[in-house]
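These are the residues of each chain, in order.
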Amino acid sequence: MTALLTDLNPEQLEAVTWSHQSALVLAGAGSGKTRVLTTRIAYLLQSGRTRPQNILAVTFTNKAAREMVARIGAMLPVNTRAMWVGTFHGLCHRVLRAHHEDAGLPQAFQILDMADQLAVIKRVLKERSLDEKMLPPRQLQWFINNAKEEGLRASQVDVHGGFNQTLAECYQAYEIVSMREGTVDFAELLLRCYELLSRNEILRDHYRSRFEHILVDEFQDTNRLQYKWIKLLAGPGSQQHAAIFAVGDDDQSIYAFRGAHVGNMRDLEKDFSVPKIIRLEQNYRSHGNILDAANALIEHNKGRLGKNLWTAAGKGEPVRVYHAATDMDETSFIIDEIKALHADGLALSDIALLYRSNAQSRVLEHGLFNASVSYRVYGGMRFFDRQEVKHALAYLRLIALPDDDNALLRIINFPPRGIGARTLEQLQDQAAMLGTSLWQAAFKVYEGGKAVATRNSQPGRGIAGFVSLVLSMQQDGEGLPLPEIIRRVIDQSGLAAHYQAEREGGERLENLKELINAATSFVHESEDDSLTAFLAHASLEGGEHQAEGYQDAVQLMTVHAAKGLEFHSVFISGLEEGLFPHENSRNEPDGLEEERRLMYVAMTRARQRLYLSYAESRMLHGQVRVNIPSRFIDEIPQDLLKRLRSDFSGRSFRQGVSGTGQTVASTINSSQKGRSTMAAAVGMTSSGLNSAGFHVGQQVSHAKFGTGIILNYEGSGTDMRIQVNFHQAGTKWLSLAYAKLEPL
DNA sequence: CAGATTCTGCTTTTT
DNA sequence: GCAGAATCTG
């Protein structure tokens, strides 16, 4: 016991040994959050306060769940299998599988990922002949998921105004389709489970008496439905109620755009009568200057629960700020610094290159590639999202549940077997008339075809060919081990032959083989080795980017993807108004504050060295854009910063980079040559507006909108319009003839 | 019906 | 600048 608790600081110890009912732990970045969570569980078990089967621990990612189990297992010789540790979705799925009948679902119900869901939505819109221009499928998807995350069914959505009416009707239609096809989207997993438990008292009591302790990781990221779900399971105020142990950080809430509700922290305090918030403020990761800078930045947000990170380590190096002429200039600066750091013995994998949006990675990748610096980009296409893998999975889904129209539509004509738009339309009409799934309708065609040999009855082609293919797959697979089923499906479907014939098909074939391997390891590791279980695994846990063998490489990722990670040196690039903070955040309530939290998360990833950089002009969407530095740089106390700048303007502000010393500065100098041409190119762009007395990149002021910077122009003479990025009012197009603009 | 070509429109994302 | 969708041609 004592061994478990040594080395904890007083606040961590208080959290781990908390003896009141429920607890809310405000855990700052790098404050040992995961350690507290896992040690808490180990403490509860070792002291005999509870047993593994009475513990429920919820996370957001499978990775976090696995890590938690592994760490507890390393601390205690305990049966971790008896604990319920998983993601919200994984746990809800588990409940729904166990009680699918009570939940009104078929035994082999299938899970739709975001892409699958979008495909269903597009079908619903088409069926209702709604123009995709009038009602973008993504908007309807957003509407449905939002409603579900608020716990609302189509009939419960507050409808005011005609447009909402249409959306609600489509939501209703989508629900009917999902029911008929036996499919469940991500939000539905949660809502279904919530409804099941609130309606079914016996089940609810069963789970309530089972789980004595419910621990929640990343609590600031929970949405309203997830909170309601926790509350329902915990049952505060009821006879048997669980103790909640929630760990989170309101300053690191960066997922409001997908429904996360930070207000849940305050609600938890109230609903579970939490006597006080435990604050973990000692940071074990970063040096003082980095923390001071991050603290100062986040101070600009209102309504925080409040917290100030501190460290026992020294101040360390200043935060470096690089002012670049162009995105190319920014890139070469970053690469030079990386090379210097690496030359000084730092592993490339301990360097992170962060950006606000994925589009920014291209220039960086290009530069790194040309400089032969190995790098790894996070967040690309995931294995189970690959076209060929999805195709194979679609065949497998039809074996498990042929009524899944979505799966059927994906592969009814892939590889091509002569079923075109025309035939498909007829089939869809048929299905609509009979009120059945497409599979049922196709089966009728097949039966009819058997009786009367029809024209398009070449073996293996047409509807009949497709139906007999799926039927034989269903029959042949009976009783075979899962990897063998998959191997046969890839072969018999014609996918293997199709990709074999394709020039670029080699990699796809490899991925299909990899799918068989994935099934083989799944069968070894999972208790349930059924096809249905594997398909659920592919939807819920297949998203993880597998570690493609360790190699020393610079880590490239978005700021969102960097959450929870740490590196010796961190570069945050593209710190420009419009990019970071992103211009779209202006229209959203509290959008700017979320951007600031994002910046806070980015900064607190760095242990020893932090670089911030911005460029005066950058290529975006195939157009050169001129930007002003991000306000976030101004929000950091200037004495914590060390300003660096390239010599593009003829003035050299650089006096060499301190810290690791000479190498860095000299590398910069040698690579700066040849960049002045770039600066000249920008200058030429700027001359474009000279006839009107203004130029791109110039600071101007407007009576109503305040000050800003000229981004772009179009037209000429009296028709000339110019685009100005105003510091306060955002980006606007103004007619030069009417707008009274003053040069600054 | 299938492959080739033009057109459009762009945050962040795990489950 | 690039990917996915819509549209065109053999």
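Chain A appears in an unreviewed UniProt entry as DNA 3'-5' helicase from Nitrosomonas europaea. Per its UniProt entry, chain A bears the Sequence similarities (unreviewed entry) comment "Belongs to the helicase family. UvrD subfamily."

### A word on helix α18 (residues 421-434)
End to end, α18 covers 20 Å across 14 residues, agreeing with the expected 20 Å (1.5 Å per residue, within 8%). Turning to α18, its buried residues number three or more, namely L424, L427 and A431. Buried residues of α18, viewed axially, fall in a sector of 60°; they line one side. For α18, exposure combined with an orientation more than 90 degrees from the buried face picks out R422, E425, Q426, A432 and M433. G435 lies just past α18 and shows a positive phi near 70°.

### A short note on the confidence of the model for chain A
Residues at a pLDDT of 70 or more form 86% of chain A, whose mean pLDDT is 86. This model gives residues 649-687 a pLDDT under 50, and the stretch forms 48 contacts once residues within four places in sequence are excluded.

### Some words on the UniProt feature "binding site: ATP" (unreviewed entry) in chain A
When the UniProt feature table is mapped onto this chain, "binding site: ATP" (unreviewed entry) is found at A27, G28, A29, G30, S31, G32, K33 and T34. Tracing the backbone shows G30 in the loop between β1 (23-27) and α3 (33-46). The contact partners of G30, leaving out residues within four places of it in the chain, are Q282, N283, Y284 and R285. Taking relative accessible area as the criterion, K33 reaches 16% and is therefore assigned buried. When near neighbours in sequence (up to four residues on either side) are disregarded, K33 contacts A27, D217, E218 and V247. Reaching out from K33, the side chain makes a polar contact with the side chain of D217 at a distance of 3.2 Å.

### Describing the packing of aromatic side chains
Tallying each qualifying case throughout the model produces 17 aromatic pairs. Members of the aromatic cluster, joined through ring pairs, are Y322, F333, F571 and Y611. Sitting over the ring of F109, R97 keeps its end group 3.8 Å from the ring centre. Sitting over the face of the ring of Y255, R258 holds its NZ or CZ atom 3.7 Å from the ring centroid.

### Considerations on the pairing of strand β13 (residues 567-572)
Among the 6 residues that make up β13, 6 are buried, leaving the element largely enclosed by the rest of the structure. In this sheet, strand β14 (residues 606-620) lies alongside β13 in parallel orientation, the contact comprising 5 bridges. Residue F571 lies in a different strand from β14, and its bridge partner there is Y611.

Calculation criteria
Residues numbered from 1 in each chain as written. Chains lettered and ligands numbered in written order. Predicted model: local features only at pLDDT ≥ 70, side-chain atom pairs only at ≥ 80, totals over all residues. Heavy atoms only, no water. UniProt positions renumbered as here; feature names shortened; annotations may be inferred. Helix = DSSP H or I, 4+ residues; strand = E, 2+ residues; numbered from the N terminus. Expected span 1.5 Å × (residues − 1). Buried < 20%, exposed > 50% of the residue type's maximum accessible area, 1.4 Å probe, protein only. Arc of directions from axis to C-beta. pLDDT = per-residue confidence, 0-100. Contact = heavy atoms within 4.5 Å. Polar contact = N/O pair within 3.5 Å; in protein donor to acceptor, adjacent residues only side chain to side chain. Phe/Tyr/Trp six-rings, centres within 6.5 Å; stacked < 30°, edge-to-face > 60°. Lys NZ or Arg CZ within 6 Å of the ring centre and 35° of its normal. Pairing = 2+ DSSP bridges.

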